[in-house]
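Report on the structure
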Amino acid sequence: MELKTIEELKEILHYLPSIGLKSAERMAYQLLEMDEITLQNLSSLISNLHKNVTVCPICGAYKEEKCFFCDDESRDNTSLIVVTSFKDALAFENLKSYHGKYHILGGNLSPTKGIGVNELRIDLLLSRIEKENFQEIILATDPTIDGETTALYIAKLLENLPIKISRLAYGLPMGGHLTYADELTLLRSLEGRKFLK
Ligand SMILES: [Zn+2]
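So, here is what we can say about the structure in this document. The model shown is predicted, which means the values in this text are computed figures rather than measured ones.

So, on to the coordination of the zinc ion. Under ideal tetrahedral coordination, the four donors around a metal are separated by 109.5 degrees; under ideal octahedral coordination, the six donors are separated by 90 or 180 degrees. Surrounding the zinc ion are the protein donor atoms Cys56 (SG), Cys59 (SG), Cys67 (SG) and Cys70 (SG), which sit 2.3 Å from the metal. If you look at the zinc ion, its four donor atoms make angles of 104 to 114° with each other, and the shape they trace is tetrahedral. Sequence positions of the residues that donate to the zinc ion give the spacing C-x2-C-x7-C-x2-C.

What follows is the structure in structure tokens.
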């Protein structure tokens, strides 16, 4: 015996990462017990999500009115951290020791997942490097095979430019994602970064 609406809600909640069917069902029933105003607030936040949170056309970060990174004039505009995802940029921000700019690729190169150069914001990165005044590019893609491949690919593209290129130091758990590294590990990997040239 199933309520059709609860079933549909359950299916959608189950799309969220790490929400199994059982948890999705529990969440659906919890929603049913919420008051009308909370439910309306929730539904309006969700339906306006893409209108209110957009992707910065310069760096690829999520933004509301202003981009945390591109529209902040107090930032050091001579250094750029290249990351896989917006959450990785936030992980560096939380360290409070880096005050430069970011570029969010939107993924890693991965032949097995069909993610090629055109799926990532690599062209945009190259045109930024041409236009802006970076003196160092820190390649901080994930410590996975795909992340390494991406970092090496970008390093090769930048080989002949008169800019310092560095890669995060090892010590990060290989195969993991930056977002889940603890702050001390991330800080050490940033401070101990290796210069590729
Ligand atoms: Zn931006």
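There's more to say after this.
Quick look at the side chain of Lys63 now. Within the secondary structure, Lys63 is located in strand E2 (residues 62–63). If we skip the residues at most four places from it in the chain, Lys63 touches Asn52, Val53, Thr54, Cys56 and Pro57.

Counted under the stated rule, the structure contains five aromatic pairs. A ring pair is formed by Phe69 and Phe86, whose centres lie 6.4 Å apart and whose planes are at 55°; its orientation type is tilted. Here Phe69 is found in the loop between E2 and strand E3 (79–83), whereas its partner Phe86 is found in helix H5 (residues 86–95), with 17 residues between them in sequence. Residue Phe69 shares its accessibility class with Phe86, and that shared class is buried.

As a further point, take the pattern of salt bridges. Applying the stated criterion across every chain yields a total of nine salt bridges. The salt bridge involving Glu25 is made with Lys10; its shortest N-O contact spans 3.7 Å. Linking Glu25 in helix H2 (residues 21–32) with Lys10 in helix H1 (residues 4–13), this pair joins segments that are 15 residues apart in sequence. A salt bridge links Arg128 to Glu132; its shortest N-O distance comes to 2.8 Å.

There is a patch of nonpolar side chains on the surface, built from Leu3, Tyr29 and Leu32 and spanning about 290 Å² of accessible area. Its place among the elements puts Tyr29 in helix H2. With relative accessibility at 33%, the residue Tyr29 sits in the partly exposed group.

Before going further, it helps to spend a moment on helix H3 (residues 36–47). Spanning 12 residues, H3 covers 16 Å between terminal C-alpha atoms, matching the ideal 16 Å at 1.5 Å per step. Between the side-chain oxygen of the N-cap and the backbone nitrogen of Ile37 there are 3.1 Å, and the N-cap of H3 in question is Asp35.

Next up on the list: the pairing of strand E5 (residues 136–140). Most of E5 sits inside the fold, with five of its five residues counted as buried. Covered by surrounding structure in E5 are Glu136, Ile138 and Ala140 together with Ile137 and Leu139, the residues of both alternating faces. Pairing between E3 and E5: five bridges, direction parallel. Within E5, the position partnered with Val83 by the bridge is Ala140. Across four bridges, E5 lies against strand E6 (residues 164–167) in parallel orientation. Within the sheet, the bridge partner assigned to Ile137 lies in E6 and is Ile165. Regarding the hand of the β-α-β motif, the stretch spanning E5, helix H7 (residues 145–157) and E6 is right-handed.

Conventions adopted
- Residues numbered from 1 in each chain as written.
- Predicted model: local features only at pLDDT ≥ 70, side-chain atom pairs only at ≥ 80, totals over all residues.
- Heavy atoms only, no water.
- Donors = N, O, S within 2.8 Å, 3.2 Å for Na, K, Ca; no water.
- Tetrahedral: all angles 85-135°; square planar, octahedral: opposite > 155°, others 65-115°.
- Helix = DSSP H or I, 4+ residues; strand = E, 2+ residues; numbered from the N terminus.
- Contact = heavy atoms within 4.5 Å.
- Phe/Tyr/Trp six-rings, centres within 6.5 Å; stacked < 30°, edge-to-face > 60°.
- Buried < 20%, exposed > 50% of the residue type's maximum accessible area, 1.4 Å probe, protein only.
- Salt bridge = Lys/Arg side-chain N within 4 Å of Asp/Glu carboxyl O.
- Patch = residues over 30% accessible without salt bridge, like charges linked within 9 Å, V, L, I, M, F, W, Y side chains within 5 Å.
- Areas by Shrake-Rupley, 256 points an atom, 1.4 Å probe, with all protein chains shown as cover.
- Expected span 1.5 Å × (residues − 1).
- Polar contact = N/O pair within 3.5 Å; in protein donor to acceptor, adjacent residues only side chain to side chain.
- Pairing = 2+ DSSP bridges.
- Right-handed = clockwise from strand over helix to strand, strands pointing away.

What is shown is where atoms sit, not what they do.
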